[in-house]
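Residues per chain, in single letters:
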Amino acid sequence: MLNKKAIAIPLGTLLVAGALSACGSNDNNGGNAGAASPSASQSASPSASASTAQNASPSASASASSDLPAKPAELTIWQDDNADKIAVSTEIAKKYTEQTGIKVNIKPVAMNDQPDVLALDGPAGKGPDLFYQPGIGALVIKGLVQEIKAPQETLSAYTPEALAALSQDGKLYGLPAVTETYALFYNKKLVPEAPKTIADLEKIMAEQTDAKKQQYGFLFEATNFYYAWAFMGGNDGYIFKPDGSGGFDTKDIGFNKEGAVRGGQLIQSWFQKGYIPKDVNGDIVGGLFGQGKVGAIINGPWAIQDLKKQLGDNLGVAPLPTLENGKHPTSFIGVKGWMLSKFTKSPEWASDLAAFMTNEENALYYFKQTGEVPPVKSVLTSPDLTGDPLVFGFSQQNTYGMPFPTVPELDTVWDPMANALKFIASGKDVQGSMDDAVKQIEDKIKMTGA
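Keep in mind that what you see is a predicted model, and the values were worked out from it rather than measured.

Conventions adopted
- Residues numbered from 1 in each chain as written.
- Predicted model: local features only at pLDDT ≥ 70, side-chain atom pairs only at ≥ 80, totals over all residues.
- Heavy atoms only, no water.
- Helix = DSSP H or I, 4+ residues; strand = E, 2+ residues; numbered from the N terminus.
- Polar contact = N/O pair within 3.5 Å; in protein donor to acceptor, adjacent residues only side chain to side chain.
- pLDDT = per-residue confidence, 0-100.
- Contact = heavy atoms within 4.5 Å.
- Phe/Tyr/Trp six-rings, centres within 6.5 Å; stacked < 30°, edge-to-face > 60°.
- Buried < 20%, exposed > 50% of the residue type's maximum accessible area, 1.4 Å probe, protein only.
- Pairing = 2+ DSSP bridges.
- Axes fitted to C-alpha atoms, helices over the stretch in contact; angles between N-to-C directions.

Our next topic: the environment of T381. In this structure, T381 sits in the loop between α14 (377-380) and α15 (383-386). Reaching out from T381, the side chain makes a polar contact with the backbone oxygen of S378 at a distance of 3.3 Å.

See the structure below:
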């Protein structure tokens, strides 16, 4: 396996004006859905569109192009197991059926489970035509996807960076549906003005935390690496060392280096001071914030709709406050999309469905219903997005975020770092916990044959 892989997305450009975000995330009652462990990783090759543009294919409007083969009776897609989002996708799929006559089956399968389930069901002929993933990750290496074909007219509707996130080695394997990062939600009734610095935030923690009453100044899923990374990266930590030419040296793992350790120590200090309960999880964070018992939390745009229902006009969104070094926490930026299964019998029509699900009309509809932002250029500049102050808060944080390293080795990181963060929360030595995590990651990479 290669030690160095091409990076993907120039950070500054990933965030088209007002683009938002989203990674890994199963909603749970307004909760802290987040990406439990997005095997995500965006991939390089912004030129993916070029390689596919010339391949004849269906339009984004479910047209019955003469180039298409005979219609299948039905198509099957795996959606993340979120009832609200499945309902939205079902409405869009109904329109597709009306226009094409093709029945669309939507099966809920947890996004993080989909690769493993597909590896078993696909060869047996029980897999989907499309499935939903946060980036290309190791899907190509695992043989779970095939190149998707779409005309340039269709591809030009998406931001190039979003297409790059679903591409590898110049080939596009899916069409992007949502781009996202996380930011600071705050309850204006408890926190009239969003904290601008970590010192401001810690003052809120000190003044408003009363654990016995389950009241907190600030909470976040601190043992979830997806969220915790922001404080490590903002302290100059790195996951895999950038090699200066757009790739990564996956033999140089940065979690036990100074920057990431400093971020871990900051998080541990919040546990030690009693600002964050040791058993914190997404349900606690989202549940207590929705009840008006927490001043501020970290979550993604997928939580907007539920939290608006609970807090109404008191809900605000702002970038994560700056760290002691004056830098902003580096939240992960992810792109979720509809991936074309290696095992589909109808790749052309499955591609047509993916284009239809993410075209301008349906992308805007999806945003209005879910709050998740599609990387569709015309939607990103629509007043529906630019005029929404909650969405604007995320777009600001986007400018400080970073894409996932575009290497399959990223998959080896999640479990060791989850363990390390649990040790850190329980008071174990941060450096030692990080050393153990790095050793586990190195062993995992060796096991993959890299």
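Residues shown with low pLDDT carry predicted positions that ought not to be read at fine detail. When pLDDT is averaged along the protein, the result is 85, and 85% of the positions lie at 70 or above. Counting interchain partners and residues more than four positions distant, the pLDDT-below-50 stretch residues 1-59 has 252 contacts.

What describes a pair of aromatic rings is the distance from one ring centre to the other and the angle between the planes of the rings. In this structure the tally under the stated criterion is 22 aromatic pairs. Ring geometry for Y182 versus Y226: centroids 4.8 Å apart, planes at 70°, classification edge-to-face. Of this pair, Y182 sits in the loop between β6 (174-180) and β7 (183-187) while Y226 sits in helix α8 (residues 225-233), and the two are 44 residues apart along the sequence. When its relative accessible area of 0% is taken as the criterion, Y182 is described as buried. Residue classification places Y226 among the buried residues on the basis of a relative accessible area of 0%. Ring geometry for Y226 against F332: centres 6.1 Å apart, planes inclined by 15°, an arrangement best described as stacked. Taken together, the residues Y226 in helix α8 and F332 in strand β13 (residues 332-340) connect sequence positions 106 residues apart. F332 shares its class with Y226; the two are buried.

A separate point is the sheet that holds strand β12 (residues 315-318). Strand order in the open sheet formed by 4 strands is β8-β11-β7-β12, and the pairing between neighbours is mixed. In the strand order of this sheet, the two ends are held by β8 (216-219) and β12, each with one partner. When strand polarity is set aside, the average angle formed by the axes of neighbouring strands in this sheet is 20°. Taken together, the 3 bridges between β8 and strand β11 (residues 294-299) define a ladder with parallel strand orientation. Residue pairing across strands places L219 opposite I297, the latter belonging to β11.

With 7 of 10 residues buried, helix α16 (residues 389-398) is to be regarded as a mostly interior element. Turning to α16, its buried residues are L390, V391, G393, F394, S395, Q397 and N398. For α16, the capping residue at the N-terminal end is D388, with a side-chain oxygen 2.9 Å from the backbone nitrogen of L390.

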